[in-house]
Amino acid sequence: EEQLQSAEGFERLKLLVKIANSAVQSEPEKSIEYSKEAFFLSEKLDNLQGKVQSSLLLGIAYEVLKNYKTAKEYYLQTLKLNEYSNDKPTIAYLNERMGRLMHISGENENAGSYLKKALYLYTELQDYRSKGTVYNIMGDSYFDQKKFKDAVDMYQQAYFEHDILKDDLAKTRDLME
């Protein structure tokens, strides 16, 4: 934070995002303060990546504070900012966060579309760990809706995805020996 006092422009933006990110889980109010400054500086510098990062951090911080309405607004803003970027990992992650948020806030019916979009993108990216995480969220959502068969199916799929990852890691370890 000492470096922040003398930093300007893009360097200041990078530091603001770094501080906001490090505080988002443990000190969400602090993260909000730095993320807002980063967002305004990103607008001034016309830096899309800075806007995306700071907007996402604002969503996460508000989610940590259980202010789901505001978190949702920032996640939607971040999705809109990312619309033209074709940054599939970030778009997948944002859809996962929105799906999780919809589930946590009791909007299980709305969670599905975000989670399915995240699954589609994670499949393209061959990100098995994240796919497993999304299947777990979907299982939790179905469980809360008392759709137990669907919940079990999703939990089994999550296990399958993690099993694929475990097999890939074992193959990689074998190659390295």
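As a reminder, the structure under discussion sits directly above these lines.
Residues numbered from 1 in each chain as written. Predicted model: local features only at pLDDT ≥ 70, side-chain atom pairs only at ≥ 80, totals over all residues. Heavy atoms only, no water.

**So, the overall build of the protein chain**
Tallying secondary structure elements over the protein chain gives 8 helices and 0 strands in all. Helices and strands in the protein chain line up, N terminus first, as α-α-α-α-α-α-α-α. Classification of the 177 residues of the protein chain by burial places 42% in the buried group. The long-range fraction of contacts in the protein chain, counting pairs at least 24 apart against all pairs at least 6 apart in sequence, stands at 50%. Here the protein chain holds 24 positive side-chain charges and 29 negative ones, and the gap between their average locations is 3 Å. (Helix = DSSP H or I, 4+ residues; strand = E, 2+ residues; numbered from the N terminus. Buried < 20%, exposed > 50% of the residue type's maximum accessible area, 1.4 Å probe, protein only. Contact = heavy atoms within 4.5 Å. Lys, Arg positive; Asp, Glu negative; His and termini not counted. Charge placed at Lys NZ, Arg CZ, Asp CG, Glu CD.)

**Comments concerning the pattern of salt bridges**
One pass over the structure, following the stated rule, counts 10 salt bridges. Residues Lys 88 and Glu 124 are paired through a salt bridge, measuring 2.6 Å at the closest nitrogen-oxygen approach. Residue Lys 88 is located in helix H5 (residues 88-104), and its partner Glu 124 is located in helix H6 (residues 108-125); the two are separated by 36 residues in the primary sequence. The partner of Lys 149 in a salt bridge is Asp 153, with the nearest N and O atoms 3.2 Å apart. Of this pair, Lys 149 and Asp 153 both sit in helix H8 (residues 148-176), separated by 4 residues, roughly a single helical turn. The exposed category is assigned to Lys 149, whose relative accessible area is 61%. (Salt bridge = Lys/Arg side-chain N within 4 Å of Asp/Glu carboxyl O.)

**Topic: the packing of helix H3 (residues 48-64) against H5**
Contact pair H3 / H5: the axes reach a minimum separation of 12 Å and the direction vectors enclose 20 degrees. The angle between the axes of H3 and H5 places the two elements in the roughly parallel class. The hand of the H3/H5 crossing is left-handed. Residues Val 52, Leu 56, Ile 60 and Glu 63 of H3 form the contact with H5, whose own contacting residues are Thr 90, Tyr 93, Leu 94, Arg 97, Arg 100, Leu 101 and Ile 104. Residue composition of the contact of H3 with H5, grouped by class: 7 nonpolar, 1 polar and 3 charged. (Axes fitted to C-alpha atoms, helices over the stretch in contact; angles between N-to-C directions. Parallel < 35°, antiparallel > 145°, perpendicular 65-115°, else oblique. Left-handed = near helix turned anticlockwise from the far one by under 90°. Nonpolar A, V, L, I, M, F, W, Y, C, P; charged D, E, K, R; others polar.)

**So, the side chain of Thr 90**
Within the secondary structure, Thr 90 is located in helix H5. Within the local environment of Thr 90, its side chain forms a polar contact with the side chain of Asp 87, the two groups lying 2.6 Å apart. (Polar contact = N/O pair within 3.5 Å; in protein donor to acceptor, adjacent residues only side chain to side chain.)

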